[in-house]
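# Tertiary structure, described
Each chain, written out:
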Amino acid sequence: MRFQYTEKKVNLPENVHKYAEKKVMKLERFFGDDAEALVTFSVDKDRNIAEITVHASNMYFRARESTSDMFASIDAAVATMERQIRKNKTRLSRRLRQDAFVRTPDVTSFAPEEPEEGTFEIVRKKEFNMKPMTREEAILQMNLLEHTFFAFRDEDNDGAFAVVYKRKDGGYGLIEDAE
């Protein structure tokens, strides 16, 4: 597993990185050697935040925890991710096919552009090759990423572009092309 660390509003000693690496490596049995882990440390007021994002087998897993101690935040984030993996591993093996989430990003651009006066400013742009998936697979991937929406190609609608989103009432919504 390859590691990348980011620190926001905080400078941490190397032993914190080593501790995080040791804890996240316990999850390697789920991901394999080709996985990439991004560990982000930040401090907000008196809270130490650890966010772990693992990209493996074209799936993304994310956990974010906040406590008064950075080591406890790392422990909690790893435990959250392990729970998330175990919960969804059963669901994936029972309901979905093996390559359900093959979705690799081609280009990610973060270059800021100077906006013209009177226009809207786009501050981030992402481009993805989207593999067709079922609506259930899209909802599962959205939940794994802990996002409120997820864009995909709808396998049930001949690969048409669609978006699933989480509703305030706890349900899910679907936006699809009317054509």
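Residues numbered from 1 in each chain as written. Predicted model: local features only at pLDDT ≥ 70, side-chain atom pairs only at ≥ 80, totals over all residues. Heavy atoms only, no water.

## Some thoughts on the pairing of strand 2 (residues 36–44)
Residues in a regular strand project their side chains so that they alternate between the two faces of the sheet. Across seven bridges, the pairing between strand 1 (residues 2–8) and strand 2 is parallel. Paired with Q4 across the bridge in strand 2 is L38. In this sheet, strand 3 (residues 47–56) lies alongside strand 2 in antiparallel orientation, the contact comprising nine bridges. Paired with V39 across the two strands is I52, which belongs to strand 3. The hairpin formed by strand 2 and strand 3 contains two residues between the paired strands, and K45 there has a positive phi angle of roughly 60°. (Pairing = 2+ DSSP bridges. Helix = DSSP H or I, 4+ residues; strand = E, 2+ residues; numbered from the N terminus.)

## Structural notes on the pattern of salt bridges
Scanning the model with the defined rule gives nine salt bridges in all. When the shortest N-O distance is used, the salt bridge between R2 and E36 registers 2.7 Å. Pair noted here: R2 is in strand 1 and E36 is in strand 2, with a separation of 34 residues, a long-range link. Residue class for E36 comes out partly exposed when judged on its relative accessible area of 38%. The closest approach of N and O atoms between E176 and R135, which form a salt bridge, is 3.2 Å. Of this pair, E176 sits in strand 10 (residues 172–176) while R135 sits in helix 4 (residues 135–145); the two residues are 41 residues apart in sequence, bridging distant segments of the chain. Owing to a relative accessible area of 42%, E176 belongs among the partly exposed residues under this scheme. (Salt bridge = Lys/Arg side-chain N within 4 Å of Asp/Glu carboxyl O. Buried < 20%, exposed > 50% of the residue type's maximum accessible area, 1.4 Å probe, protein only.)

## With respect to the sheet that holds strand 9 (residues 160–166)
Pairing in this open sheet of four strands is mixed, and the strands run 7-8-9-10 from one edge to the other. Among the strands making up the open sheet, the edge pair consists of strand 7 (132–133) and strand 10. Packing against the sheet, helix 4 makes contact with strand 7, strand 8 (149–154), strand 9 and strand 10, and its axis sits at approximately 150° to strand 8. (Contact = heavy atoms within 4.5 Å. Axes fitted to C-alpha atoms, helices over the stretch in contact; angles between N-to-C directions.)

## Digging into the environment of G171
As for its placement among the helices and strands, G171 is situated in the loop between strand 9 and strand 10. Exposure remark for G171: the relative accessible area of 26% places this residue in the partly exposed category. Dropping the residues within four chain positions of it, G171 is found in contact with Y165 and K166.

## Thoughts on the confidence of the model for the chain
Chain-level statistics for the chain give a pLDDT mean of 81 and a share of 82% at 70 or above. No element of the chain has a lower mean pLDDT than strand 5 (residues 105–109), which averages 45, and none a higher one than strand 10, which averages 93. Throughout residues 95–113 the model reports pLDDT below 50, and contacts reaching past four residues in sequence, or to other chains, amount to 42 contacts. (pLDDT = per-residue confidence, 0-100.)

## Notes on unusual backbone geometry
The phi torsion at K45 lies on the positive side, around 60°, for a residue other than glycine. By relative accessible area, K45 is classed as exposed at 76%. For E146, which is not glycine, the phi torsion reads 55° and is therefore positive. Checked against the element boundaries, E146 lands in the loop between helix 4 and strand 8.

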